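# Architecture at a glance
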Amino acid sequence: MARRADCTTSTLITPGPIEMTDSAGPRIPRTLPRFSATFDPHTIAEIQRAAATGIYDIRGSGTKRKLPHFDDLLFLGASVSRYPLEGYRERCGTEVVLGTRFAKKPITLKIPVTIAGMSFGALSGNAKEALGRGASAVGTSTTTGDGGMTEEERGHSQTLVYQVLPSRYGMNLRDLRRADAIEVVVGQGAKPGGGGMLLGQKISPRVAAMRNLPEGIDQRSSCRHPDWTGPDDLEIKILELRELTNWEKPIYVKVGASRPYYDTALAIKAGADVVVLDGMQGGTAATQEVFIEHVGLPILSAIRPAVQALQDLGQHRKVQLIVSGGIRTGADVAKAMALGADAVAIGTAALIALGDNAPEWEEEYQKLGTTAGAYDDWHEGRDPAGITTQDAALAARLDPVKAGRRLANYLSVLTLEAQTIARACGKSHLHNLEPEDLVALTIEAAAMAQVPLAGTDWIPGKNKGE
Amino acid sequence: MSTAVKLSDSTPVVFDLANASLRELNVALQGLDGLGQSAWSILNPRGAHALAVGITAAVSLSIEGHVGYYCAGMNDGASITITGNAGPGVAENMMSGLVHVLGDASQAAGATAHGGLLIIEGNASGRCGISMKGIDIVVKGSVGHMSAFMAQSGNFVILGDAGEALGDCLYEARIFVRGEVASLGADCEEKAMTEEDRIILRNLLKKSGAKAEPAEFKRYGSARRLYHFHVDNAGAY
């Protein structure tokens, strides 16, 4: 019987030759249509799109390529030589204190999972409010973004980190002083070396007023800070921020994972209280696809060099390290902390918890040419879930109370999962997790995380003489 | 504050940085709201960074000498005179008030500032007025390269010459130049001087004590060709 090859899809499900039926003669096997691994259907479609439009593809979210990640690590758990802790009975601490180096008022969070910086503009006011509600319910922090501080997030965030970005949109003294911490953004994982982007569809009158820009233009944030260049200047900038805020607030320095050892060392040298390290799986509201997919390091490969820098300078656990980029589960949280992080930050996962890409909007995703789970046109402002939009009708779909509750639930699950693993490893606090608790499933992950390949004592790159 | 000395009601409070720390000074200046002190004199700044930042009282302040980075940063209401030269980022992100530099200013003077008036009697280096968001700047000398880069709003008056790439990626700020412009940046173009422009310019010249007439200036602004992405503009980026 002849088998049909479906040339309209990227996957040929049916193996074997095609047999062509000819009433006049025997069946002749034909060669299957074969898609190129180099010019695969996605690549071909992208070439065709580029040729038709003359502009690169812009989208939201983070990298979609397969990367070495926390999935490539496993915890060993307890054994004869390691005592586990009793689940539900023996305490496993989760609190974290950030800003102990210089700040007069360090931040204490109940859980080591924070909400990463995402702007009002990229997100709706209701989404920002929901983030604040959810984070505050479980005792953690949220972060502003490019565009300044809104009343929604200040009002509903018990602990709010105020970002100082190159654009300085909406930056003002009052907001700086009513923040709980300050984050100097040097880069982000989705686009180390790139500036922000907010296309005209989302520059509503309110967004335009906050950013002091004309309505409806395609806004380009600068990639460099306007008044400092390099680590020596950054040290003075941090001094100014401390002087502006009476040395009360922890100062974070956020970098995209690029040169994590040196960036961490230089941030410490510049006087940071906290270093935020964002891997290339970290999301963005709008960036060129080529940038998202081809610049930066996966977070798995960036943590150990950053921790090494902290240790080399005697600052590990004194300058806190927050890592982000692809954190999804409590296992990811635990693995990041076992590698030396003090806390993690989530962005994309938080939006999903709020309702992004929810199946209930499938019909509308289809109209937008996509499907729930794949929607990433966050820059277009047409988000059916009302999260990445400035359209009032769409934004009204998101109930900030309910969405905040979903986020709180999710953050609780992340914490419970991480505690489950930590107890199994015999740890009475998440911070007691350590690299010795981990093995790697692949040589690549073993090399990046600097833990042994499972079942061996081999850490690629270590014991070089062997 | 033992280091701040006020001789009488008619004389300024004198604060000598040779005898006290930057921290003490900024704490004092940031706590002036409602105290009714009208004038301060700061001695021996000796190039200190982050000097007189974040003041919210309508106090007059004279800094007697040269200052380092970010002097008068985020100023919100004070009138601050610097008798010497200013380092990078003077009056950065100023919200309101006046900053008057009697000497020259280094890079990024008035960067991202939202309001107030910055007067520089001498020259300003590169990136003066970068990302300005409503401030008025008057430079009586010349300005360096990339000045008014991504300037969003406000007015920028240059009595001398402007360096390369003036107003690169400009938004809605107005730029007035009396001297020569080495080159214009992407999307910056000369515009006809309107009556509104002349009023703004005349007012700023008067406020800053500059001896010049609006007719001597050319007005530059955004061509608005880069406000939306288009492949035909790729060469301009």
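Each helix and strand counted, chain A has 15 helices and 18 strands in total. Relative to the globule expectation of 23 Å for 466 residues, the C-alpha radius of gyration of chain A, 24 Å, shows essentially globular dimensions. Judged by the C-alpha coordinates and their principal axes, chain A covers about 90 × 65 × 45 Å. The buried share among the 466 residues of chain A stands at 55%. Considering only contacts within chain A whose residues lie at least 6 apart along the sequence, 64% involve residues at least 24 apart. Per element, the accessible surface of chain A, about 19600 Å² overall, is 55% carbon and sulfur. Considering chain A, the positive charge centre built from 51 side chains and the negative charge centre built from 54 side chains are found 2 Å apart.

A few words on the overall build of chain B. Counting its secondary structure elements, chain B contains two helices and 12 strands. If you list the helices and strands of chain B from N to C, you get β-β-α-β-β-β-β-β-β-β-β-β-α-β. Relative to a compact globule of 237 residues, whose C-alpha radius of gyration would be 18 Å, chain B shows 19 Å and is just as compact. Summarising its shape, the C-alpha atoms of chain B cover approximately 65 × 35 × 30 Å along the three principal directions. Contacts in chain B between residues far apart in sequence, at least 24 positions, make up 24% of those at least 6 positions apart. Of the roughly 8700 Å² of accessible surface on chain B, a fraction of 50% belongs to carbon and sulfur atoms.

Let us look at unusual backbone geometry. Here the phi dihedral of B:Ala72 falls at roughly 65°; this positive angle occurs in a residue that is not glycine. When you line up the elements, B:Ala72 lands in the loop between strand E4 (60-64) and strand E5 (76-82).

The next subject is the interface of chain A and chain B. Where interface size is given, it is often the accessible area lost as the parts come together that is meant. Counting residues at the interface gives 40 residues for chain A and 37 residues for chain B. Between chain A and chain B, the buried area comes to about 3300 Å², and carbon and sulfur atoms account for 58% of it. If you sort the residues of chain A by the area they bury against chain B, A:Arg220, A:Pro226 and A:Glu243 come out on top, with a joint share of 22%. Counting the contacts that link chain A with chain B gives three salt bridges. A salt bridge links A:Glu243 to B:Arg23, with the shortest nitrogen-to-oxygen separation between them at 3.0 Å. The interface formed by chain A and chain B contains 18 residue pairs in polar contact (both at pLDDT 80 or more). The set of elements that each furnish at least two residues to the side of chain A that touches chain B consists of helix H4 (173-177), strand E12 (219-220) and helix H6 (230-244) of chain A. Tallied by class, the residues present in the side of chain A that touches chain B amount to 17 nonpolar, 12 polar and 11 charged.

On to the domain arrangement of chain A, then. One can read the domain layout of chain A as domain 1 (1-55) and domain 2 (70-449). A straight line from the C-alpha centre of domain 1 of chain A to that of domain 2 of chain A covers 42 Å.

All names here are of chain A. Counting across every chain of the model gives 42 salt bridges over all chains. Between Glu293 and Arg59 there is a salt bridge whose closest N-O contact spans 2.8 Å. Linking Glu293 in helix H8 (residues 289-294) with Arg59 in strand E3 (residues 58-59), this pair joins segments that are 234 residues apart in sequence. The exposure class of Glu293 is buried, given its relative accessible area of 7%. Glu129 is paired through a salt bridge with Arg133; the nearest N and O atoms lie 2.8 Å apart. Residue Glu129 and its partner Arg133 are both found in helix H2 (residues 125-137); the two are separated by four residues, about one turn of the helix. Here the residues in one salt-bridge network are Arg59, Lys64, Arg65, Glu289, Glu293 and Asp376, joined through shared partners.

This part covers a nonpolar patch on the surface. Residue and element names in this part refer to chain A. A contiguous nonpolar patch, built from Phe39, Ile44 and Ile47 and spanning about 270 Å² of accessible area, is present on the exposed surface. Here Ile44 lies in helix H1 (residues 41-53). Ile44 sits in the partly exposed class, given a relative accessible area of 33%.

We now examine H1(A). With 13 residues, H1(A) ought to run about 18 Å at 1.5 Å a step, and its terminal C-alpha atoms sit 18 Å apart, in line with that. In the stretch just after H1(A), A:Gly54 is the one whose phi turns positive, near 75°.

Once that is clear, we can look at the pairing of E4(B). Residue and element names in this part refer to chain B. With five bridges connecting them, strand E3 (residues 39-43) and E4 associate as parallel partners. Of the residues in E4, the one forming a bridge with Ser41 is Ser62. Sheet topology places E4 next to E5; four bridges connect them, and they run parallel. Pairing of Leu61 across the sheet is with Ile80, part of E5.

With that settled, the discussion passes to the packing of H6(A) against helix H7 (residues 260-270) of chain A. Residues and elements named next belong to chain A. For the pair H6 and H7, the least separation of the axes is 8 Å and the interaxial angle reads 40°. Between H6 and H7, the interaxial angle falls into the category oblique. The hand of the H6/H7 crossing is right-handed. Judged by residue contacts, Pro231, Asp232, Leu234, Glu235 and Ile238 of H6 engage Leu266, Lys269 and Ala270 from H7. Among the residues making up the contact of H6 with H7, the classes are represented as five nonpolar, no polar and three charged.

All names here are of chain A. Summed over all chains, the structure comprises five aromatic pairs over all chains. For the pair Tyr261 and Tyr262, a centre-to-centre distance of 5.2 Å together with 85° between the ring planes defines the contact as edge-to-face. Of the residues examined, Tyr261 reaches a relative accessible area of 28% and is grouped as partly exposed. Taking relative accessible area as the criterion, Tyr262 reaches 57% and is therefore assigned exposed.

Our next topic: the environment of A:Asp377. All names here are of chain A. With respect to the element layout, Asp377 can be found in the loop between helix H12 (362-367) and helix H13 (392-395). Distance from Asp377 to Ala408, taken between C-alpha atoms, is 26 Å for residues 31 residues apart in sequence. Beyond its immediate chain neighbours, meaning those up to four positions away, Asp377 contacts Ile58 and Arg59.

Here is what the cut-offs are and how they apply
- Residues numbered from 1 in each chain as written.
- Chains lettered and ligands numbered in written order.
- Predicted model: local features only at pLDDT ≥ 70, side-chain atom pairs only at ≥ 80, totals over all residues.
- Heavy atoms only, no water.
- Helix = DSSP H or I, 4+ residues; strand = E, 2+ residues; numbered from the N terminus.
- Rg over C-alpha atoms; globule rule 2.2 N^0.38 Å.
- Buried < 20%, exposed > 50% of the residue type's maximum accessible area, 1.4 Å probe, protein only.
- Contact = heavy atoms within 4.5 Å.
- Areas by Shrake-Rupley, 256 points an atom, 1.4 Å probe, with all protein chains shown as cover.
- Lys, Arg positive; Asp, Glu negative; His and termini not counted.
- Charge placed at Lys NZ, Arg CZ, Asp CG, Glu CD.
- Buried area = accessible area lost by both parts, 1.4 Å probe.
- Salt bridge = Lys/Arg side-chain N within 4 Å of Asp/Glu carboxyl O.
- Polar contact = N/O pair within 3.5 Å; in protein donor to acceptor, adjacent residues only side chain to side chain.
- Nonpolar A, V, L, I, M, F, W, Y, C, P; charged D, E, K, R; others polar.
- Domains from an automatic or database assignment.
- Patch = residues over 30% accessible without salt bridge, like charges linked within 9 Å, V, L, I, M, F, W, Y side chains within 5 Å.
- Expected span 1.5 Å × (residues − 1).
- Pairing = 2+ DSSP bridges.
- Axes fitted to C-alpha atoms, helices over the stretch in contact; angles between N-to-C directions.
- Parallel < 35°, antiparallel > 145°, perpendicular 65-115°, else oblique.
- Left-handed = near helix turned anticlockwise from the far one by under 90°.
- Phe/Tyr/Trp six-rings, centres within 6.5 Å; stacked < 30°, edge-to-face > 60°.

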